[in-house]
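# Examination of the molecular architecture
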Amino acid sequence: MPPALVASAQASPNIALVKYWGNRDDDLRLPSNGSLSMTLGGLHTVARVAFDPAATVDTLVIAGQVAPPAARQRVAQQLDLVRAAAGHDLRARIDSSSNFPSGAGIASSASAFAAITLAATAACGLALDAAALSRLARRGSGSACRSVFGGFVEWIAGDGDESSYAIPLAPGEHWPLIDLVAVVSQAAKSTGSTEGHRLAASSPLQTARVADTPRRLSACRQALLERDFARLAEVVELDSLMMHAVMMTSSPALVYWQPSTLTVLHAVAEWRRQGHEVCATVDAGPNVHCLCAPGQAAVVKAKLQDLPGVDLVFECPPGEAARLLPN
Ligand code: DP6
């Protein structure tokens, strides 16, 4: 062990343009399909991991409060992987805090596990390359493997632990889209993503969704590389609706939408018909991510703020890769 034992890191959440839903292997978080995302700028989780030779348990503190046992257990399992790689058995104190509220429709597990994994490996003196870091972050939360990188990112599904990790597709400057997150509810969701992934296979639609994913990934990649907003809008909205069709037809059914979700989806479709370059995608919750072409965000944001049921709107440009912070 190097003497430091402590490191801090920062990572941003991401919004999936082609979504991850369902695993081939839940324990390893090997996804049923590849996915593609934009890392979200302006939002981040900062994690500090301090291994302590005197500690007998891992302690997780989120925003200054000792975390509930289930959250602590999930982070401890992630640290077990880091400890195994580093060849020691020291327990740690993990402090994590985000500059965005949980329940805002922005997955904090992606930024948290990317930041915790980077900080923990650095604290142990493990210098992982980005692909290895992405593979390891994946074990904590699937979407965290994409938050290792900035800009536009693809998670290659792979066929085993070694081959399932994210790769950078294009930097944010390539196409500075803005994600306007229309928050319609901040209530905690009753079924989290991890449980949702387990239900995906119970939907008769999941097989068709997974089979069609290479086509959607290819269309999304091409739209991004050519900065073709109409094509991007088509694939992003189709992909989101396909995932929600799977969710709604699982046993038990998962209906994450609220009435205001549909209000925003209809409004976005109407604004696009009127010529505004905006499209909508919804993750495992009721809030709507409205992606805007450069130059379109101000007018769309004003329209969103006028819609009934929209509580607040976050504005996110493409974000940066996860990085270490000075201690
Ligand atoms: C709908 O990565 O949050 O946001 O691996 O169980 O932590 P766990 O799941 P998570 O699932 C993300 C689901 C999604 C789509 C996506 O981000 O690709």
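What you see is a predicted model; the values in this text were computed from it and never measured. (Residues numbered from 1 in each chain as written. Predicted model: local features only at pLDDT ≥ 70, side-chain atom pairs only at ≥ 80, totals over all residues. Heavy atoms only, no water.)

### Digging into the side chain of Arg135
Along the chain, Arg135 turns up in helix α3 (residues 130-140). Side chain to side chain, Arg135 and Glu162 meet in a polar contact 3.2 Å long. In contact with Arg135, not counting residues within four places along its chain, are Asp161, Glu162, Ser164 and Tyr165. (Helix = DSSP H or I, 4+ residues; strand = E, 2+ residues; numbered from the N terminus. Polar contact = N/O pair within 3.5 Å; in protein donor to acceptor, adjacent residues only side chain to side chain. Contact = heavy atoms within 4.5 Å.)

### Section: the packing of aromatic side chains
The geometry of an aromatic ring pair is captured by the separation of the ring centres together with the interplanar angle, meaning the angle of the planes. For the structure on display, the rule yields two aromatic pairs. Considering the side-chain rings of Tyr20 and Trp155, the 4.7 Å spacing of their centres and the 65° angle between planes classify their relative orientation as edge-to-face. Of the two residues, Tyr20 sits in the loop between β2 (14-18) and β3 (23-25) while Trp155 sits in strand β10 (residues 152-156), which places them 135 residues apart along the sequence. Across this residue pair, the class does not change: Tyr20 and Trp155 are buried. Ring centres of Trp175 and Phe229 lie 6.2 Å apart, and the angle between their planes is 80°; on these two criteria the pair is classed as edge-to-face. Residue Trp175 is located in the loop between β11 (165-170) and β12 (178-183), and its partner Phe229 is located in helix α7 (residues 229-248); the two are separated by 54 residues in the primary sequence. Of the two residues, Trp175 and Phe229, both sit in the buried class. (Phe/Tyr/Trp six-rings, centres within 6.5 Å; stacked < 30°, edge-to-face > 60°. Buried < 20%, exposed > 50% of the residue type's maximum accessible area, 1.4 Å probe, protein only.)

### A word on the sheet that holds β10
Hydrogen bonds along the backbone pair up the strands of a sheet, which may run parallel or antiparallel. Read from one edge to the other, the open sheet built from four strands follows the order β2-β5-β10-β11, with strand pairing classed as antiparallel. Sheet topology places β2 and β11 at the edges, where each strand pairs with a single neighbour. Pairwise comparison of adjacent strand axes, ignoring direction, gives a mean angle of 35° for this sheet. Judged from the five bridges that link them, β10 and β11 form a sheet pairing that is antiparallel. Within β11, the position partnered with Phe152 by the bridge is Ala170. (Pairing = 2+ DSSP bridges. Axes fitted to C-alpha atoms, helices over the stretch in contact; angles between N-to-C directions.)

### Quick look at the site of the ligand
Taken together, the neighbourhood of the ligand is formed by 17 residues, with Arg74, Ser141, Gly142, Ser143 and Thr194 sitting nearest. One of the side-chain nitrogen or oxygen atoms of Ser141 is found 2.7 Å away from an oxygen atom of the ligand. At 3.4 Å from an oxygen atom of the ligand is found a side-chain nitrogen or oxygen belonging to Ser193. Protein contact buries 97% of the 460 Å² of open area that the ligand shows by itself. Grouping the amino acids of the shell around the ligand by side-chain chemistry returns five nonpolar, seven polar and five charged. (Near = heavy atom within 4 Å. Areas by Shrake-Rupley, 256 points an atom, 1.4 Å probe, with all protein chains shown as cover. Nonpolar A, V, L, I, M, F, W, Y, C, P; charged D, E, K, R; others polar.)

### Notes on α3
Within α3, the full set of buried residues consists of Leu133, Ser134, Arg135, Leu136, Ala137, Arg138 and Gly140. Contacts made by the buried residues of α3 are with β4 (30-31), α1 (69-86), α2 (108-123), α4 (144-147), β10 and β11.

### Description of the environment of Ala47
When you line up the elements, Ala47 lands in strand β6 (residues 45-52). Of the residues examined, Ala47 reaches a relative accessible area of 0% and is grouped as buried. Sequence separation between Ala47 and Phe113 is 66 residues; the distance between their C-alpha atoms is 8.9 Å. With near-sequence residues (within four places) excluded, Ala47 lies in contact with Ala7, Ser8, Ala9, Asp95, Ser96, Ala115, Ile116 and Ala119.

### Some words on the packing of helix α6 (residues 206-226) against α7
Closest axis-to-axis distance for the α6/α7 pair is 9 Å, and the angle between their directions is 160°. Between α6 and α7, the crossing angle belongs to the class labelled roughly antiparallel. Note on packing geometry: the crossing formed by α6 with α7 is left-handed. Contacts from Gln206, Arg209, Asp212, Arg215, Arg216, Ala219, Cys220, Gln222, Ala223 and Leu224 of α6 reach α7 at Arg231, Leu232, Val235, Leu238, Asp239, Met242, Met243 and Val246. The residue makeup of the contact of α6 with α7, split by class, is 10 nonpolar, two polar and six charged. (Parallel < 35°, antiparallel > 145°, perpendicular 65-115°, else oblique. Left-handed = near helix turned anticlockwise from the far one by under 90°.)

### Re the nonpolar core
Core analysis: the largest hydrophobic core is formed by 35 residues, its most contacted members being Val49, Phe51, Leu79, Ile94 and Ile116. Secondary-structure elements contributing two or more residues to this core are β1 (6-11), β6, α1, β9 (91-98), α2, α3, α4 and β10. Among the elements that take part in this core, α2 stands out by supplying eight residues, more than any other. Beyond its immediate chain neighbours, meaning those up to four positions away, Leu79 contacts Phe51, Asp58, Ala92, Ile94, Ile116 and Ala120. In this structure, Val18, Met38, Phe152 and Ala219 belong to the second largest nonpolar core, which totals 31 residues. (Core = buried A, V, L, I, M, F, W, Y, C linked by side-chain atoms within 4.5 Å.)

### A look at the domain arrangement of the chain
On domain assignment, one finds that the chain holds domain 1 (5-173) and domain 2 (174-316). Taking only C-alpha atoms, the centre of domain 1 and the centre of domain 2 are 23 Å apart. If you look at the interface, domain 1 gives 33 residues, while domain 2 gives 42 residues. When domain 1 packs against domain 2, the two sides together hide about 3100 Å² of surface, and 65% of this comes from carbon and sulfur. The largest share of the area that domain 1 buries against domain 2 comes from Leu17, Lys19 and Trp21, three residues that together contribute 28% of it. Where domain 1 packs against domain 2, one counts three salt bridges. For Glu154, the salt bridge is made with Arg221, and the minimal N-O distance between the two is 2.7 Å. Where domain 1 touches domain 2, the interface holds 14 residue pairs in polar contact (both at pLDDT 80 or more). Among the elements that line the side of domain 1 that touches domain 2, the one with the most residues is β2, at four residues. Its residues assigned to classes, the side of domain 1 that touches domain 2 comprises 17 nonpolar, 10 polar and six charged. (Domains from an automatic or database assignment. Buried area = accessible area lost by both parts, 1.4 Å probe. Salt bridge = Lys/Arg side-chain N within 4 Å of Asp/Glu carboxyl O.)

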